[in-house]
Amino acid sequence: MNLNLSQIRDITTGAVRIEEIDNGIHFYRFTQQQEELYKDRSDDFYKKTFATSGVQMRFQTNSQTLFLRTEITSGSSRTYFAFNVFVNGVKIDALDNFSDIDIPKNYTTLKLPHGEFSKKFNLGVGDKEVCIYFPWSVGAVVKELTLDDDSFIKSRKPSKKMLCFGDSITQGYDALHPCNKYISKLADMLNAEEYNKAIGGEIFFPELAATREDFEPDYITVAYGTNDWNRCTEKEFIHNCKEFLYNLNINYPNSKIFVITPIWCKEMNEIRQFGEFKNIEKIIKNQVEEFENISVVQGFEFVPQNENLFADLRLHPNDNGFEYYFENLAKQLKI
């Protein structure tokens, strides 16, 4: 049974639209209005809007097998990717382009192939719940998704929705497996769909927050600051942060909004035109005080200052680093 567009739409989470184009099903995490914002702003950022970060398929079935054929295109500065397949909450397998190579300590500069990939997954006997985590690092078009001919399929979407803004770390840099991104772990904990609007290299971008989704999120996370420190003056940062939060508050007055301050980075003791790295957290706290439904989560100590927990040894957590990030974030959230 090859799933059609209607069936795939029914079981997909984290995509604001899904379209069938040229014999492939495309998944979009940004609205067309948001894509146009990035198209006008930066070719690099625009490319990253087509990464499938946060997209999942969740369904119940009695099929014993699943076959996935996909076409992979660029969606970030990273070339590695993975789909993770879970059955009843346990990861059983992955489709990726790196499992047959030795992964170096710093794997962020690997140059791995894109194109068409496929794999058959053994799901086991009986009724089960299946979750497929899509890659955060690339664009992934589904060319074929097949279950056993005599099987059933039923959507099992989460009960809540979480809107996620941020930079590279929230997009997923540098988890080898998308299920290990901190934001995906948080969404799973909250039983929420992850609508991921993060872009690697991004700063507080008020125009993005001014656009409105066609749903009311239960939770919103915001995680910027490190790129702002590298690229903005303090005055620019204060303005962008304040306007971003103002726009969010106007659009989603009933959502619980959490602003996560930056984690440690190796260059933090260097001086930028912005000033000291530690001032990012102070400024964010000052801006958040104006809003009753927005809380600050102090992120600096989420990941220990150990380069072995960072894929690039300086800034972006690896899978182990993300485990620390998520566990410490979960402790701080007041939900």
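Residues numbered from 1 in each chain as written. Predicted model: local features only at pLDDT ≥ 70, side-chain atom pairs only at ≥ 80, totals over all residues. Heavy atoms only, no water.

1. Section: the environment of Tyr80
Here Tyr80 lies in the loop between β5 (65-74) and β6 (82-87). On a C-alpha basis, the gap between Tyr80 and Asn97 in space is 6.2 Å, while along the polypeptide they are 17 residues apart. The residues touching Tyr80, leaving out its near neighbours within four places in the chain, are Asn97, Phe98, Tyr107, Leu112, Trp136, Ser137, Val138, Asp174, Ala175 and Leu176. Within the structure, the side chain of Tyr80 is placed 2.7 Å from the side chain of Asp174, a separation counted as a polar contact. (Helix = DSSP H or I, 4+ residues; strand = E, 2+ residues; numbered from the N terminus. Contact = heavy atoms within 4.5 Å. Polar contact = N/O pair within 3.5 Å; in protein donor to acceptor, adjacent residues only side chain to side chain.)

2. Topic: the nonpolar core
Tyr182, Val222 and Tyr325 are the most contacted members of the largest nonpolar core, which has 71 residues in total. With residues near it in sequence (within four places) discarded, Tyr182 still touches Ile169, Thr170, Ala223, Ile260, Phe322, Tyr325, Phe326 and Leu329. Of all hydrophobic cores here, the second largest spans 30 residues; its members include Phe83, Val85, Leu95 and Leu147. (Core = buried A, V, L, I, M, F, W, Y, C linked by side-chain atoms within 4.5 Å. Buried < 20%, exposed > 50% of the residue type's maximum accessible area, 1.4 Å probe, protein only.)

3. Quick notes on helix α9 (residues 279-288)
One full turn of an α-helix is made of 3.6 residues, so residues set three or four places apart face in the same direction. Among the ten residues in α9, seven count as buried, and that is most of the element. Within α9, the full set of buried residues consists of Asn279, Ile280, Glu281, Ile283, Ile284, Gln287 and Val288.

4. Quick look at unusual backbone geometry
Generally, phi is negative for residues other than glycine and the peptide bonds are trans, each holding for most cases. With omega at 5°, the peptide bond leading from Tyr173 into Asp174 counts as cis. Take Asp174: it is sitting in the loop between α4 (168-171) and α5 (182-189). A positive phi angle, near 65°, is found at Asn23, a position not held by glycine. Relative to the elements of secondary structure, Asn23 occurs in the loop between β2 (17-21) and β3 (24-28). Despite not being glycine, Leu313 has its phi angle at roughly 70°, a positive value.

By themselves, these figures tell us nothing about what the structure is for.
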